[in-house]
Amino acid sequence: MIPFNKVAISSIEPQNGADVWIKNCKNLYKGQQIQNGLWVLNDDVGTNVSGWYVIVPITGGEIYTISRKYGKDESSYLVLGVFTTAEYPANGVKKVDTWTTSSDGKKITYQTSSNANYLFIGVAAGNSGQVTVDLQEKALEELQVEKGTEVTEYTKYFKNDVLIKDGKEYKSTS
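Residues numbered from 1 in each chain as written. Predicted model: local features only at pLDDT ≥ 70, side-chain atom pairs only at ≥ 80, totals over all residues. Heavy atoms only, no water.

Novice: Honestly, the nonpolar core in this entry has me stumped. Any pointers?
Specialist: In summary, soluble globular proteins display a tendency toward joint burial of nonpolar side chains. Ranked by internal contacts, the top residues of the largest apolar core, which has 34 residues, are Ile66, Leu119, Ile121 and Val145. For this core, the secondary structure elements donating two or more residues are strand 3 (35-41), strand 4 (44-57), strand 5 (63-67), strand 6 (81-85), strand 8 (107-111), strand 9 (118-125) and helix 1 (133-140). What Leu119 contacts, discounting residues up to four positions off in sequence, is Val54, Ile55, Val56, Ile58, Tyr64, Ile66, Val82, Phe83, Thr84, Tyr110, Thr112 and Val145. Judged by nonpolar contacts, the second largest core, of 5 residues, contains Ala8, Trp21, Leu163 and Tyr170. (Core = buried A, V, L, I, M, F, W, Y, C linked by side-chain atoms within 4.5 Å. Buried < 20%, exposed > 50% of the residue type's maximum accessible area, 1.4 Å probe, protein only. Helix = DSSP H or I, 4+ residues; strand = E, 2+ residues; numbered from the N terminus. Contact = heavy atoms within 4.5 Å.)

Now the structure itself:
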């Protein structure tokens, strides 16, 4: 077996001649369906039929930036807010970190506590007549959750992979 000289870890193809590319997705939002029926309620997750959200598993103690294409300029129902929980969010589950909202509904940077395991991301607020299927799609369009404080170019979620250079191409090991 030939030893590998360089290993690259990134979401885009390396340009440094790496023999091994650990291709990882920066977008932690895996395309989960928008859900309805929960929202922030004081120190807990509470029921609210006007709350539309997604839940993203995270590693606590990190800073995350949440961004998307559309916001309040397109519809006042397109809110963007976030809080964390240690347990999977359900009615009555305690919050870990406080509810924070975005002024434009497009971007929010959020510091999480070490015991946080889930981001509860509120993406729209309104009854089902106001938050139509079209608006639900806009609420999730180009939704990206990434570690760090910067918004980077949108990348649709993909499964992490290990690729080996074979000639001029990288080939998956899976």
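Novice: Help me understand the sheet that holds strand 5, please; the structure alone is not making it clear to me.
Specialist: Consider a sheet: its strands pair through backbone hydrogen bonds, and that pairing is either parallel or antiparallel. Pairing is antiparallel in the open sheet, where 3 strands are placed in the order 8-5-10. Strand pairing shows two members of the sheet lacking a second neighbour, strand 8 and strand 10 (144-147), which therefore form its edges. For this sheet, the mean inter-axis angle between neighbouring strands, taken without regard to orientation, is 20 degrees. Relative to strand 10, strand 5 runs antiparallel, the two being bridged by 4 bridges. Looking at the pairing, Ile66 lines up with Val145 of strand 10. (Pairing = 2+ DSSP bridges. Axes fitted to C-alpha atoms, helices over the stretch in contact; angles between N-to-C directions.)

Novice: Where do I start with helix 1 in this structure?
Specialist: Each α-helix turn comprises 3.6 residues. Residues three or four places apart therefore point the same way. Those residues of helix 1 that sit buried are Leu135, Gln136, Ala139 and Leu140. Taken end-on, helix 1 shows its buried residues confined to a sector of 135 degrees, consistent with a single buried face. Against the buried residues of helix 1 lie strand 4 and strand 9. One or two positions beyond helix 1, positive phi appears at Glu142, with a value near 55 degrees. (Arc of directions from axis to C-beta.)

Novice: Would you explain the sheet that holds strand 1 (residues 7-10) in this entry?
Specialist: Here we have 4 strands laid out as an open sheet, ordered 1-2-11-12, and mixed in their pairing. A single partner strand is all that each edge strand has here, and the edge strands are strand 1 and strand 12 (169-172). Across this sheet, the average inter-strand angle for adjacent strands is 30 degrees, counted without regard to direction.

Novice: Is there a simple way to explain the environment of Asn5 in this structure?
Specialist: Considering the arrangement of structural elements, one finds Asn5 in the segment before strand 1. The exposure class of Asn5 is exposed, given its relative accessible area of 68%. Note: C-alpha distance between Asn5 and Asp19 (14 residues apart in sequence) is 6.3 Å.

Novice: What is the right way to read the packing of aromatic side chains from this model?
Specialist: Ring pairs (aromatic) are described by centroid distance and by the angle formed between their planes. Following the criterion strictly, the structure yields 7 aromatic pairs and no others. Feature note: the residues Trp39, Tyr53, Phe83, Trp99 and Phe120 constitute an aromatic cluster, connected by ring pairs. Directly above the ring of Phe158 sits Lys23, whose terminal nitrogen or CZ lies 4.9 Å from the centroid. One residue, Lys138, lies across the ring of Tyr70, its end atom 5.4 Å from the ring centre. (Phe/Tyr/Trp six-rings, centres within 6.5 Å; stacked < 30°, edge-to-face > 60°. Lys NZ or Arg CZ within 6 Å of the ring centre and 35° of its normal.)

Functional significance is not addressed by these values, which are geometric in nature.
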